[in-house]
Amino acid sequence: MGQTLGKSLDLVHCFTLQIGIFTRLITVHLDVAKLEEKSHLRNSVRTTRTLQEHLDRETLPSSDNYHPHFLKIGSRATLDELHLGYVCDQKNEEAAQEMVAGGVKFGWLQGVLVRCLLNIWGVMLFLRLSWVVGQAGIGEAILIVLLATAVTIMTALSMSAISTNGQIKGGGTYYMISRTLGPEFGGAIGIIFAFANAMGIALHTVGFCEALSDMLKEYWDIQIVDGGLNDIRIIGSITLVVLGLIVGIGMEWEAKAQLLFMGILVVALANFVVGSIIGPSSMDELAKGFVGYKLELATTNFYSDYRVSNGLQQNFFSVFAIFFPAATGILAGANISGDLKNPSKAIPIGTLLAIVITSFSYILFAIIAGVTVMRDATGDPANYTDNGTVSDYMAVCLGQDCEWGLQNSYQVMTLVSAFGPLNYLGCFAATLSSALACFVSAPKIFQALCNDRIFPYLHVFGKGYGKNDEPLRAYGLAFLIALACILIADLNTIAPLITNCYLASYGLVNLSTFHVDLFKPVGWRPTFRYYNKWLSLLGFALSLAAMFLCSWPTALVTSALVFTFFLIVKYRKPDVNWGSSTQVQIYKAALSNVQQYSNTDEHIKTYTPQILVMTGLPNMRPSLVDFAKLFCKNNSLMVCGDIVQERLSHSQRSERTKKSLRWLRAHKTKAFYSVVDNFSFPVGVKALLQATGVGKLKPNILMVGYQSEWRTSKNSEIDDYCAAINMALEMHIGVAVLRVQEGLDYTGIIGDFDVNATDSGKQPTEGNDNLAFEESQEDSIASTFTAFDDIHNIDGELPTDAADDYLKIKRTNEGLPPSTVAATKMKHMKKSRVMFKDPHGNELSSEVQNSIYRFRMKQKRGTIDVWWLYDDGGLSMLLPYILTTRTKWAKSKLRVFCLADAIEEQNSKRKSMELLLRKFRISVSDVVVIPDLTDLPSTQTKIWFDALTSDFVRKDDDSSIPDSKTPTIKESELMAQKPRTFNFMKLRELLLQYSTDANLVVMTLPISQKGKVSGALYMSWIEMLTANMPPFLLVRGNQTSVLTFYS
């Protein structure tokens, strides 16, 4: 029974599954039927399109997109093109073609290895290595070679790391150092290194002249003048002209000459080795000190025997200084990096291989010279016999001066060689090839330096000619420097000078690698891995130590020159951005310091004003920028805020930011610039205050210019202005409002700032910053620095006392023409060199210029009147004190005004205020107590205020108030605020009585409770206080102490 029931259930289950499957099939069938009704793509045929058509605006990854040149001409689609569908300007194909430079390019063998070999196997090998062995002995001579090799190996490893971290352009060592450590070190060492290479021309040319002079004397007994220095000078000058003609023809001929020299040099070196094996072939050679391989001689010559040479007692480091130029050839390939096919590959391989080959050969030749040639020999065959011992030969010179041997003759290699004249040819090939290499290197380095425009007035030498861009002018300069050094005509004098310059260059190459590897920017990815930052640091230390041990006076001069050039570049701040490791260091140091500062609790003593100044475009409000700079210069954070109510595209924002930052830098103002768009003024201010800065490096003061045209503005605009101030106070941010009678906005009066002018190195030309001048530009603006002639321009008259004071001021300049008044002021005020121009390019009048630069000028002797009415935490007192610490305001003394309840309290109030200021360590010239603020103002002042507000006051039931486009004040509000209004009227009278001749007036900004005072009435109060006054600053702190009298 159970089995039957189970089977029945299985049948039911299977039937149910079949029904479900059938239902799904029907559903699918129905869905397909529906889809066929709306089939758009099913039966369509795909058209044949290219991949580029499928990509639409996208671009495929390509090396061209990452080349610095293409980054400027735009080969990759921009985000605006992809996202917004903008059609950008067509790519500049001509500019792209200009990137490809013509001319001959060399590989690692001919371009690096051969050049390095020819330079290292130079004059020192043929003319000074034997002398080094004679002075230092075989052991210390090998040590000298190994020390030079250690420095060069470390430098080569560092150089290889740098050269494989991206493409290397022309300029060699200068290019690598400048792009790694920045223009300061790069420019300094570029000058030194180019000069060293120019002196290298002279060094190798003088070596050639020495060898030629000796050959002429030995074989033909010929001398031009005296067989000494003058002969060297004459031969050297002629040789230099010939070398100049060869390099002037071009790199192709110079490269062919190098290959010829290389062949001769190899044969000459082999000739020396063969000659040492053969031994002396005559008694003449034996008499000159060549005795062949002798164990006794090797034992004697193994130890040092330092003697006086050229009037100087030699030692290990003095000999090292003379020998070290032999090791300077390692940079011969890097110096023509711009002429290499693949510098990143060629420089490491060619340089390291050249160092290994030449170091081995120098050690080998030093040993050969030491075991085959005596230190001293007479050169007279009569003094020597065939069967004599080394001891017998050495005894000959004990009692007399000898002219031959390792210590006395520079032609030992010629003596040992199997065929002497062939050695002379090898010496000629070595010296001339090295001179040619230096003659090519020095101008190329100097050309790269000049083209970077790091130093002024040098760019004329950077001009290139022909398809190879040959620096003919730089060749001429190198020729003159070399000629001056050839006139010295002494190899031992020139060599130490070059040694210090090269050691300084090597040291900075090592320092570059250490520095960049220490901070490890993301872009530091060298393909050469066999380097170590600590080894580079050791190379730097060895180079620096060797400089001072070889010749400390020369090292001091070299260091002083590097430091001087460093300071020149640092001061000039060239407009270059090479992504150097110093930029990474600055970033990481700034980040670390900000984080550390943010974790430190604030203290009153460390308070600094960090100002967000609402300038808009800074170049249109230069006076406001200059005034804010007075508080922040070398002291604290300053940010120029800009609010644009329309939406800005990325390009518009970038251009606006670039223009503003360039203008700030051109005017030597250390400030940041921040712009927000698509915001109203108060919302924009709030956004800037909230978003600007990082950590505790955020604005704590909002500075705005006074809205001088508020009487003709819409009610909403006034409310926005007041709302921005209230917004800052709600965020516990201090507020400062600056008013000058001429205004602060010079839009339409001064010309726009030309960013391209600064890019091309021209002096920027600008105009001015104030709408108030637009209507009165043709009129005299002597009132900028004299009396305030419009002080009673609103219907009404001045109070009697104030009028008397005003008339006294006005009479001072009565009868004087405006130009005389301005000229008088200019005698006491220093104006910036940058002259502002109007939009048409015409220079603005001196009066307008003076008005713009009023806060950059030296202020006259006078006072800064501080009306410290309310305790806001001390900001109203701190800001004017900071002003007095500035040089331009040093003659302005602080005068403090404060309030008292009654006359009898004046003395006590005065004493308490003086005591408080002394505790704050703020020096003031006077403290004035105001006892009668609650007195009724004069009738004239009331009339003045009524005239000011007559167009704004409306009855409460006036139906036009909601739609009013002009400022409005309700009668009920005016009556409710009558006591405060009377106080401000009285303050105006007191201001006119005391402060009309002040250099600056600072007053605590009055605060009205939110929602109780309209914007129009609040602006009327500020207008009443500041109208027709000297520059006026209203300040309100956040009611938190910024001053303390505790240490």
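It should be noted that the structure appears before, not after, this text.
Residues numbered from 1 in each chain as written. Predicted model: local features only at pLDDT ≥ 70, side-chain atom pairs only at ≥ 80, totals over all residues. Heavy atoms only, no water.

> Please set out the pattern of salt bridges residue by residue, giving values where relevant.
All told, the structure shown has 16 salt bridges when counted by the stated rule. Residue arginine 307 is joined to aspartate 376 by a salt bridge in which the shortest nitrogen-to-oxygen separation is 2.7 Å. You can see arginine 307 sitting in the loop between helix 14 (295–301) and strand 1 (308–309) and its partner aspartate 376 sitting in the loop between helix 16 (343–372) and helix 17 (390–395), a full 69 residues away along the chain. Residue class for aspartate 376 comes out buried when judged on its relative accessible area of 19%. The partner of glutamate 742 in a salt bridge is arginine 854, with the nearest N and O atoms 2.9 Å apart. Of this pair, glutamate 742 sits in the loop between strand 7 (734–739) and helix 29 (755–759) while arginine 854 sits in the loop between helix 32 (846–852) and strand 8 (862–867); the two residues are 112 residues apart in sequence, bridging distant segments of the chain. A relative accessible area of 10% means that glutamate 742 is categorised as buried. Among the charged side chains, a network of salt bridges with common partners joins Asp305, Arg307 and Asp376. (Salt bridge = Lys/Arg side-chain N within 4 Å of Asp/Glu carboxyl O. Helix = DSSP H or I, 4+ residues; strand = E, 2+ residues; numbered from the N terminus. Buried < 20%, exposed > 50% of the residue type's maximum accessible area, 1.4 Å probe, protein only.)

> Hey, could you go over the sheet that holds strand 9 (residues 892–899) for me, with residue numbers and the actual values?
Read across the sheet, ten strands follow the order 5-4-3-6-7-14-13-8-9-10 without closing on themselves; strand pairing throughout is mixed. Where the open sheet ends on each side, the last strands, each with one partner, are strand 5 (672–677) and strand 10 (926–930). Looking at each pair of strands side by side, their axes are set apart by 20 degrees on average, direction ignored. Strands strand 3 (611–614), strand 4 (638–644), strand 6 (701–705), strand 7, strand 13 (1000–1004) and strand 14 (1032–1036) of the sheet are contacted by helix 25 (residues 622–632), whose axis makes an angle of about 175 degrees with strand 3. In the packing of helix 38 (residues 1015–1026) onto the sheet, the strands contacted are strand 7, strand 13 and strand 14, and the crossing angle to strand 14 comes to about 130 degrees. (Pairing = 2+ DSSP bridges. Axes fitted to C-alpha atoms, helices over the stretch in contact; angles between N-to-C directions. Contact = heavy atoms within 4.5 Å.)

> Just give me the short version of unusual backbone geometry, but keep the residues and values in it.
Despite not being glycine, lysine 668 has its phi angle at roughly 55 degrees, a positive value. By the secondary structure assignment, lysine 668 is in the loop between helix 26 (650–666) and strand 5. By relative accessible area, lysine 668 is classed as exposed at 62%. Unlike most non-glycine residues, histidine 732 shows phi in positive territory, near 60 degrees.

> Explain the nonpolar core to me, and be specific about the residues and the numbers.
Formed by 153 residues in total, the largest nonpolar core has its most connected members in Leu125, Phe126, Phe323, Phe324 and Tyr362. With 18 residues, helix 10 (residues 183–220) is the single largest residue contributor to this core. Sequence-distant contacts of tyrosine 362, that is, excluding residues within four places in its chain, are made with Ile120, Trp121, Gly122, Met124, Leu125, Leu129, Val145, Phe323 and Ala326. Ile611, Val613, Phe627 and Ile749 belong to the second-largest nonpolar core, a separate cluster that totals 63 residues. (Core = buried A, V, L, I, M, F, W, Y, C linked by side-chain atoms within 4.5 Å.)

> Could you give an account of the pairing of strand 10, with specific residues and numbers?
Remark: a regular strand shows side chains that alternate across the two faces of the sheet. Among the five residues that make up strand 10, four are buried, leaving the element largely enclosed by the rest of the structure. For strand 9 and strand 10, the ladder comprises five bridges, and the chain directions are parallel. Within strand 10, the residue paired with arginine 895 across the bridge is aspartate 926.

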